[in-house]
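Coordinate analysis (summary)
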Amino acid sequence: MEKVLEVAKKSGSHAVHPGYGFLSENTEFAEACKQEGIIFIGPPSSAIRDMGIKSTSKHIMSAAGVPIIGGYHGEDQSNDRLQAEAARIGYPVMIKAVRGGGGKGMRIARSDTDFLEQLESARREARKSFNDDVMLVEKFVEDPRHVEVQVFGDMHGNAVYLFERDCSVQRRHQKIIEEAPGPDISPEVRRKLGEAAVKAAKAVNYVGAGTVEFIMDAQHNFYFMEMNTRLQVEHPVSEMITGTDLVEWQLRVAAGERLPLLQDDIILSGHSFEARIYAEDPNNDFLPGAGPLLHLSTPPPDQHTRIETGVREGDEVSAHYDPMIAKLVVWGEDRSAALKKLRYCLQQYNIVGLNTNIDFLLSLSGHPEFEAGNVTTSFIPQHYADLFPAPRAPSGVTICQAALGLVLQERKHTLEFTQTSTDPFSPFGSSSGWRSNIHFNRNMTLQVGEEVYHVTGEVELEGGASFLHCSVNGVKSRPKLVILNNTVHLFSMEGSSQVSVPVPKYLAGVSGSGAQGGAVAPMTGTIEKVLVKAGDKVSVGDPLMVMIAMKMEHTIRAPKSGVIKKVFFTEGSQANRHAALVELEEEVEETEASSQ
């Protein structure tokens, strides 16, 4: 906070826009700006405080006539009291940090038996993120929809809503695809949602951009969940359907102007989707990753396609921040047109160098239930089998394309070598007997299993990318070709595939076999808590350590039963990805031991 204010003063700034990071909902920061005579582009600090403490916000909403859900928001924070309240409300319950946000400090307890473990985990994460571990417990609505309303207030007592967004499809309580307006929401429910959100904003004399989050059941009853007192990551979908620029509105309102439009002037037009592109591994419980963007190409931005990002090819996604690479935002005349556009753009979003969720977003947005608009917060677990199909070996056609790509690349390297050589006619500079055609086209016949493939093609350069113009048994295709570190990456409208060239054993070095006898770090992070010591007996699934990485808490569990022989890390130390955390020995049976 001090640094930001120092820079604001040195640069002569009149105002600070806090973005949507932790400072955007920080009462102390808003007050510090005010004391320094700098405008905080956001609501008054009293609104941040009242809405930031979930228990206070529930009381205010209830008094303002906004529907709320039952729960415990009391002072008594003892384990016994919280557990008793959970039993009274009825499982499943949601345990939430009172000052929480961004999916941090939230856990679901499904029964009395796992309540305390979930409570402890939520408290630890809340202390880490917000320096406050006061908890509330509330009823968890099964399979709800997460519907939020964009509101805007000014200093002249005006407040409007810019319709709703559906952000139901989530993983780890964080959104991955958002859309506006909400699918299958009737004009009447839309109006009621908007009016409830405006009531909420007016109850705290709200100024600026805010989001009122509701949880909606299958019958379209909705209940106030919380208010985010800032602009949100997914605000572009609301801009796309209303033709507004909400950041411009924020600046105008902060300067004391009236809202540019009043309620009747705000017209809903078309449909918009946002997909969040993350560096993460969907096949490994969406574990965040880090690494270099060795290749990055995106769909061309236009009036109906926005790409909001902070990275370029060659940049590194670091382990210290949220692993979001970009937000891809599209608009269409209606939901199905917008969805087609989203899929088309995702197919053109190609990244090599680290795991991303792009293929997962493609299978998600192409799922029949998603296409039908049947979205709930449990969409991913419900359709797990469809969304995570078993990995398939590359098809014969893919292998042929990869082989052709490698041969043509070899041709290209040979040509570059001979052109720079002092002896261009040297036989050592030739990769084939024929060299007059520099278009790098090639004819090959390959056999994969029983199938014989006739392959022809050439590489074309377009806009800095290489495309493989090829024909396999007469069927033409034009995948994008990226060859990096012994791996051929092919991107086409059918999805992406990879074919690797095996590295000879003498080059491969020793494989990491150290991890066989214990648990390993799933990613680089800090060891927050060590729960075992040498000599402890553990069963499969027992918690061994708690790690913090990418702003998230991860519990590392025993991969098998046995005795801890050695613990390699202490609390507070850094562990690299795939580092062995403990050495685990399988227990020798008692009878065996005595008979030896």
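Residues numbered from 1 in each chain as written. Predicted model: local features only at pLDDT ≥ 70, side-chain atom pairs only at ≥ 80, totals over all residues. Heavy atoms only, no water.

The name given to the protein chain in an unreviewed UniProt entry is Methylcrotonoyl-CoA carboxylase subunit alpha, mitochondrial, with the source organism recorded as Stegastes partitus. Under Function (unreviewed entry), UniProt gives the following word-for-word description of the protein chain: "Biotin-attachment subunit of the 3-methylcrotonyl-CoA carboxylase, an enzyme that catalyzes the conversion of 3-methylcrotonyl-CoA to 3-methylglutaconyl-CoA, a critical step for leucine and isovaleric acid catabolism." What UniProt states about the protein chain under its Subcellular location (unreviewed entry) heading is, verbatim, "Mitochondrion matrix". (UniProt positions renumbered as here; feature names shortened; annotations may be inferred.)

Some thoughts on the nonpolar core
In this structure, Val151, Phe152, Leu193 and Phe214 are the most contacted members of the largest nonpolar core, which totals 43 residues. No other element matches the 7 residues that helix α7 (residues 187-203) contributes to this core. Once you skip the residues sitting within four places of it in the chain, Phe152 turns out to touch Asn158, Ala159, Val160, Leu162, Gly208, Ala209, Leu246, Trp249, Gln250, Val253 and Leu259. Counting residues in each nonpolar core, the second largest holds 36 residues, with Ile351, Leu354, Ile358 and Leu364 among its members. (Core = buried A, V, L, I, M, F, W, Y, C linked by side-chain atoms within 4.5 Å. Buried < 20%, exposed > 50% of the residue type's maximum accessible area, 1.4 Å probe, protein only. Helix = DSSP H or I, 4+ residues; strand = E, 2+ residues; numbered from the N terminus. Contact = heavy atoms within 4.5 Å.)

Things to note about the confidence of the model for the protein chain
Interpretation of this model should avoid reading the predicted coordinates in detail wherever pLDDT is low. Of all residues in the protein chain, 93% attain a pLDDT of 70 or more, and the chain-wide mean is 89. Within the model, the stretch residues 591-596 combines pLDDT values under 50 with 1 contact to residues more than four positions away or in other chains. (pLDDT = per-residue confidence, 0-100.)

A word on the packing of helix α5 (residues 79-89) against helix α6 (residues 112-130)
Two elements in contact, α5 and α6, have axes separated by 11 Å at closest approach and are oriented at 125°. In terms of their interaxial angle, α5 and α6 are classed as oblique. For the element pair α5 and α6, the recorded crossing hand is right-handed. Taking contact as the criterion, the partners of Asn79, Leu82, Gln83 and Ala86 in α5 are, on α6, Asp112, Phe115, Leu116, Leu119 and Arg123. Its residues assigned to classes, the contact of α5 with α6 shows 5 nonpolar, 2 polar and 2 charged. (Axes fitted to C-alpha atoms, helices over the stretch in contact; angles between N-to-C directions. Parallel < 35°, antiparallel > 145°, perpendicular 65-115°, else oblique. Left-handed = near helix turned anticlockwise from the far one by under 90°. Nonpolar A, V, L, I, M, F, W, Y, C, P; charged D, E, K, R; others polar.)

Re the sheet that holds strand β34 (residues 562-567)
With antiparallel pairing, the 3 strands of this open sheet are ordered in space as β31-β34-β36. The strands lining the two open edges of the sheet, one partner per strand, are β31 (537-538) and β36 (582-585). Pairing of β31 with β34, which is carried by 2 bridges, proceeds in the antiparallel orientation. Residue pairing in the sheet places Val538 in a bridge with Gly562 of β34. (Pairing = 2+ DSSP bridges.)

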